[in-house]
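Next come the chains, spelled out residue by residue.
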Amino acid sequence: MKLALAGISHHTASVELRERVAIDLEAASALARRLAHGGGKAQEAVVLSTCNRTELYLAADDHDRLAQAADDALLALAGADSAALAPLAYRLADESAALHLFRVAAGLDSLVPGEGEILGQVRDAFEAGSPGPLLDRTFRMALHAGRRARVETAIGESPASVPAAAAALAQQVFEGLEGHAVVLVGAGRTSELTARNLRSRGAAVAAVVNRSVERAERLASSLGARAVGLQDVAPALDGADVVVSSTSSPGFVLTLEALGPALRARRGKPVLFIDLAVPRDVDPALASIDGCFVYDVDDLEAVVATSLDGRRAEAVAAERIVAAEAERFHAWQASLAVVPAIASLRAQAEEIRVSELARVEARLGRLTESERALVDTVTAQIVNKLLHQPTVRMKEAALMPDGLIYAEVVRHLFGLESENEA
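Remember, predicted model here, so these are calculated numbers, not experimental data.

Draft legend 1. Looking closely at the overall build of the protein. When its secondary structure is counted, the protein shows 17 helices and 10 strands. Its C-alpha atoms give the protein a radius of gyration of 28 Å, clearly above 22 Å, the size a compact globule of 422 residues would have. Taking the principal axes of the C-alpha coordinates as reference, the protein spans close to 105 × 45 × 40 Å. Classification of the 422 residues of the protein by burial places 49% in the buried group. Pairs at least 24 apart in sequence give 71% of the contacts found in the protein among residues at least 6 apart. Of the roughly 20,200 Å² of accessible surface on the protein, 53% is carried by carbon and sulfur atoms.

What follows is the structure, given as C-alpha cells:
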C-alpha cells in the first residue's frame, strides 16, 4: 500500500483561494467515502479541511494512479478556480506525506505554531474519514506525535490558537480592551474560545449573534451576553467595538448592503471586524466605511510573528519528537514489504510441523491429550526460535535500499511461492 497527499494551506495560497476548497466535516466525510468506496483509484481516504488548509490523504496499491487521484479530487473542489489553484498545491507521498501530517498534528505547520485546535481537527477528520490499515496506522501515529509534542515541550503555550491571536490583535488595535464591547457572530467552538481570550484581556461580550437563536442563547448565557438572531445583526452592532465572526456559512454573512447604513450612522466610531471563517464571513468592502477595520485569518500572521521568537526553541524540540515518530513510521512501512515473505515462511514451517506431528502419531499410535499438548508446545517453540532471527533480520533489512532482495533470497532458499505467482 502507498500513501499520497494533495493539499493547499496558508503557506501556499491566500484565503480567497483556500475558501474555494474549504468544506465542513460532514462534506469531508462524504468526500472520503466517495474516494475510498466509489470504485476509483483510492482504497482509503481521509479529508482534512480547516480554515488554514484542505488536504486529501489517500492510500492504495497503485501509487502513480493514486497521486493523480488525490490531485484530481483536490482540484475538483476548486471548480472553475482549479487552474489558479493547481500551481499552489503540494503533492507528497509515503514518508514525506506522513511527516507532513505529523507536523500538522503537532501544530508545527499551523499559522499559530503549537495551536491546540488542530490536533482535535486531525482526530475529527480521521474519525469521519474512510481509513484502512495504512491510514489508520498513519493517523494514530500522527495523533500520538501531536500529543507528545504538547506534553514534552512548551510549544502549546499561549498564544496557542487563532482565537488567541485574534484577541491579541484586538488588544493591539485598541491599546487595551478594558471597557470595550464585543459582538460574536457564530456560536461555535471558535467563537467560544475567542470570547474567553477577549474576556481574559478585559473585554466584555455584549451579544452572540447566530442563525439559531437557541444555540446563541446557550453560549450567551455562559458569557453574560444577550442572544440575537442573524436577521437582527445590524442593530446588535450598535455600540460594539470588536466584531468576531466565525460561522460555517458558504458566503458573506456581514455585507456592505446589510450593515452599511448602521455603520455609517456611527460617524467614524472605530469598530474592528475580525473574520475567522473560511469561507469568509465579512465582506471586505466594509473597510471602505470610515472607522471600520476588517481583518481576516491571513492578517493574523503579523500577530503570530511577534510570538515566534519565544517559541523557536520549543519548536526545535517538537520537531525532534516529530522526526522520531516519522522514523518509526518509516520502519513500520518498510517492514510491510517483507511481511508476505515472513508470513509465507512461517506458514510453510507450521505446515511442516503439523505434518510431521501427524506422521509421528500415525507411527506411535494416538497420543494422549497431555502428550499431544506437550509435543505441540515443544515443536511450536522450536519453530518460533528457529524463525525468530530470520524474521528480525528481514525486518531490519527492509530499512535498507536493497531490503527486498533479502525477502526474495528467503523465498528462493525455502521454495516459497512468490507474490507474482500467488
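Still to come is the rest of the account.
Draft legend 2. Local environment of the pairing of strand β9 (residues 271–275). With 5 of its 5 residues buried, β9 lies for the most part within the structure. Burial along β9 is two-sided: the residues Val271, Phe273 and Asp275 and Leu272 and Ile274 are all buried. Two elements, strand β8 (residues 242–245) and β9, share 4 bridges in a ladder whose sense is parallel. The partner of Ser245 across the bridge, within β9, is Asp275. For the segment spanning β8, helix α12 (residues 256–264) and β9, crossover handedness is right-handed. Across 5 bridges, β9 lies against strand β10 (residues 292–296) in parallel orientation. Within β10, the position partnered with Leu272 by the bridge is Phe293.

Draft legend 3. Expanded view of the sheet that holds strand β5 (residues 181–185). In space, the 6 strands of this open sheet follow the order β7-β6-β5-β8-β9-β10, with parallel pairing throughout. Single-partner strands in this sheet number two, and they are β7 (226–229) and β10. Averaged over all pairs of adjacent strands, the angle between strand axes in this sheet comes to 20°, irrespective of strand direction. Here β5 pairs with β8 via 4 bridges, running parallel. Across the sheet, residue Leu184 finds its bridge partner in β8, namely Val244. Here helix α8 (residues 162–174) sits on the sheet in contact with β8, β9 and β10, set at roughly 160° to β9.

Draft legend 4. Here's a closer look at helix α2 (residues 25–37). An ideal rise of 1.5 Å per residue puts 18 Å on 13 residues; α2 measures up with 18 Å between its terminal C-alpha atoms. Burial in α2 covers these residues: Ala28, Ser29, Leu31, Ala32, Leu35 and Ala36. For α2, the angular spread of the buried residues around the axis is 165°, confining them to a single face. Summarising the geometry of α2, the exposed residues directed more than 90 degrees from the buried face are Glu26, Arg34 and His37. Downstream of α2 by one or two residues, Gly39 has phi in the positive range, about 80°.

Draft legend 5. Expanded view of the packing of aromatic side chains. The full count for this structure, using the stated rule, is 3 aromatic pairs. Taken together, a centroid distance of 5.4 Å and an interplanar angle of 80° make the contact between Tyr57 and Phe139 edge-to-face. On the criterion of sequence distance, the pair formed by Tyr57 in strand β3 (residues 53–60) and Phe139 in helix α7 (residues 133–152) is long-range, its members being 82 residues apart. Phe139 shares its class with Tyr57; the two are buried. Look at Phe126 and Phe139: their rings are 5.7 Å apart centre to centre, the planes differ by 10°, and that puts the pair in the stacked class. Note that Phe126 is positioned in helix α6 (residues 117–128) and Phe139 in helix α7, a separation of 13 residues in sequence. Given a relative accessible area of 7%, Phe126 falls into the buried group. Overall, Phe139 belongs to the buried group, its relative accessible area being 0%. Chaining the aromatic ring pairs together yields one cluster made of Tyr57, Phe126 and Phe139.

Reading the values: the criteria
Residues numbered from 1 in each chain as written. Predicted model: local features only at pLDDT ≥ 70, side-chain atom pairs only at ≥ 80, totals over all residues. Heavy atoms only, no water. Helix = DSSP H or I, 4+ residues; strand = E, 2+ residues; numbered from the N terminus. Rg over C-alpha atoms; globule rule 2.2 N^0.38 Å. Buried < 20%, exposed > 50% of the residue type's maximum accessible area, 1.4 Å probe, protein only. Contact = heavy atoms within 4.5 Å. Areas by Shrake-Rupley, 256 points an atom, 1.4 Å probe, with all protein chains shown as cover. Pairing = 2+ DSSP bridges. Right-handed = clockwise from strand over helix to strand, strands pointing away. Axes fitted to C-alpha atoms, helices over the stretch in contact; angles between N-to-C directions. Expected span 1.5 Å × (residues − 1). Arc of directions from axis to C-beta. Phe/Tyr/Trp six-rings, centres within 6.5 Å; stacked < 30°, edge-to-face > 60°.

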